[in-house]
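The chain contents come next:
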Amino acid sequence: MRKTVLTLMLAASAITSAASAQTPATPPAPTRQGTDRISTRAEAIAQADARFAQMDTDHDGRIAVGEMRAYREALHDRMVASGRDVPVPPPGGRKHDGMGRRMDPNGDGSVTRDEFEARALKRFDRMDANHDGTIDATERANAAEMRHVDRRERRDGGTQPAPTPAQ
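Residues numbered from 1 in each chain as written. Predicted model: local features only at pLDDT ≥ 70, side-chain atom pairs only at ≥ 80, totals over all residues. Heavy atoms only, no water.

Colleague: Honestly, helix H5 (residues 113-127) in this entry has me stumped. Any pointers?
Modeller: Helical periodicity: at 3.6 residues per turn, an α-helix aligns residues three or four positions apart in one direction. Taking 1.5 Å of rise per residue, 15 residues should cover 21 Å, and H5 covers 21 Å from first to last C-alpha, within 8% of that figure. Restricting attention to buried positions, one finds in H5 the residues Glu115, Phe116, Glu117, Ala120, Leu121, Phe124 and Met127. (Helix = DSSP H or I, 4+ residues; strand = E, 2+ residues; numbered from the N terminus. Expected span 1.5 Å × (residues − 1). Buried < 20%, exposed > 50% of the residue type's maximum accessible area, 1.4 Å probe, protein only.)

Colleague: Got a minute to help me understand the environment of Arg123 in this structure?
Modeller: Here Arg123 shows up in helix H5. A sequence separation of 79 residues divides Arg123 from Ala44, and the C-alpha atoms of the two residues are 9.3 Å apart.

Colleague: It is not clear to me how the confidence of the model for the chain should be interpreted in this structure. Could you clarify?
Modeller: The predicted coordinates of low-pLDDT regions are not to be read in fine detail. On average, residues of the chain carry a pLDDT of 76, and 64% of them reach 70 or more. Predicted confidence in the chain is weakest over helix H1 (residues 2-22), with a mean pLDDT of 60, and strongest over helix H2 (residues 41-55), with 93. (pLDDT = per-residue confidence, 0-100.)

Colleague: Sorry, what's going on with the pattern of salt bridges here?
Modeller: Going through the model one piece at a time under the given rule, you end up with three salt bridges. With a shortest N-O distance of 3.5 Å, Asp49 and Arg113 are connected by a salt bridge. Taken together, the positions of Asp49 in helix H2 and Arg113 in helix H5 put the pair 64 residues apart, joining distant regions of the chain. On the basis of relative accessible area, Asp49 is assigned to the partly exposed category, the value being 23%. The partner of Arg62 in a salt bridge is Asp108, and the shortest N-O contact between them spans 2.7 Å. On the criterion of sequence distance, the pair formed by Arg62 in strand S2 (residues 62-64) and Asp108 in the loop between helix H4 (100-103) and strand S3 (110-112) is long-range, its members being 46 residues apart. (Salt bridge = Lys/Arg side-chain N within 4 Å of Asp/Glu carboxyl O.)

Colleague: Explanation requested: the packing of H2 against helix H3 (residues 65-81) in the structure shown.
Modeller: Running from N to C, H2 and H3 point in directions that differ by 105 degrees, and their axes come no closer than 9 Å. Considering the angle they form, H2 stands roughly perpendicular to H3. Listed contacts from H3 to Arg51, Gln54 and Met55 of H2 are Glu67, Met68 and Tyr71. Along the lines of polarity and charge, the residues of the contact of H2 with H3 split into three nonpolar, one polar and two charged. (Axes fitted to C-alpha atoms, helices over the stretch in contact; angles between N-to-C directions. Parallel < 35°, antiparallel > 145°, perpendicular 65-115°, else oblique. Contact = heavy atoms within 4.5 Å. Nonpolar A, V, L, I, M, F, W, Y, C, P; charged D, E, K, R; others polar.)

Colleague: How should the nonpolar core be read in this particular structure?
Modeller: For soluble globular proteins, the rule of thumb is that nonpolar side chains tend to be buried together. Ala48, Phe52, Met55, Ile63, Met68, Tyr71, Met103, Val111, Phe116 and Ala120 form the largest nonpolar core, which has 10 residues in total. Mapped onto this core, the elements with two or more residues apiece are H2, H3 and H5. Counting residues in each nonpolar core, the second largest holds five residues, with Phe124, Met127, Ile135 and Ala143 among its members. (Core = buried A, V, L, I, M, F, W, Y, C linked by side-chain atoms within 4.5 Å.)

Colleague: When you look at a positive patch on the surface in this model, what are you seeing that I'm missing?
Modeller: Side chains of Arg51, Arg102, Lys122, Arg123, Arg126, Arg147, Arg151 and Arg154 sit close together on the surface and give a patch of like positive charge. Counting residues per element, the ones that place at least two in the positive patch are H5 and helix H6 (137-156). By secondary structure assignment, the location of Arg151 is in helix H6. Arg151 sits in the partly exposed class, given a relative accessible area of 45%. (Patch = residues over 30% accessible without salt bridge, like charges linked within 9 Å, V, L, I, M, F, W, Y side chains within 5 Å. Areas by Shrake-Rupley, 256 points an atom, 1.4 Å probe, with all protein chains shown as cover. Lys, Arg positive; Asp, Glu negative; His and termini not counted. Charge placed at Lys NZ, Arg CZ, Asp CG, Glu CD.)

Quick look at the structure:
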């Protein structure tokens with residue numbers, strides 16, 4: 001009996017050690033756009049074009065208010081379905097219920113591909129602090145901190161001094 005138990009324990013030990021040898025020691029790097037990823041200007045344009053194509057459901061080269069609203073609702077539904085925390089809209093309605101001046105600079109009620117790309121490139125240029133055409137992990141972290149500072153200032157009325165982002 002003891003020999004059988006000992007044999008089974010050795011076999012189980014050999015199986016588990018073989019299985020652990022086949023699994024990688026470190027988890028693979030995330031493929032999603034994370035902090036270690038370097039973004040280029042061309043990638044920013046490609047992402048903007050892909051998002052524009054998703055939003056322009058009638059393929060007329062313009063995003064109307066209804067298309068924008070439908071895209072945001074679909075995005076919200078995907079977030080809920082994936083189990084992510086969804087921001088609660090403020091009392092009195094959704095925060096982004098239409099286009100706004102930032103999305104539609106000429107105020108014609110729709111956004112063209114050129115306007116959409118221009119906004120994406122403006123955001124890219126704001127993040128690219130050293131103007132080398134790429135956004136690295138440091139610039140991405142600084143941009144996130146600047147967004148938090150801007151939101152804090154808008155919320156508090158600019159009364160508190162803003163912390164400086166790390167270099």
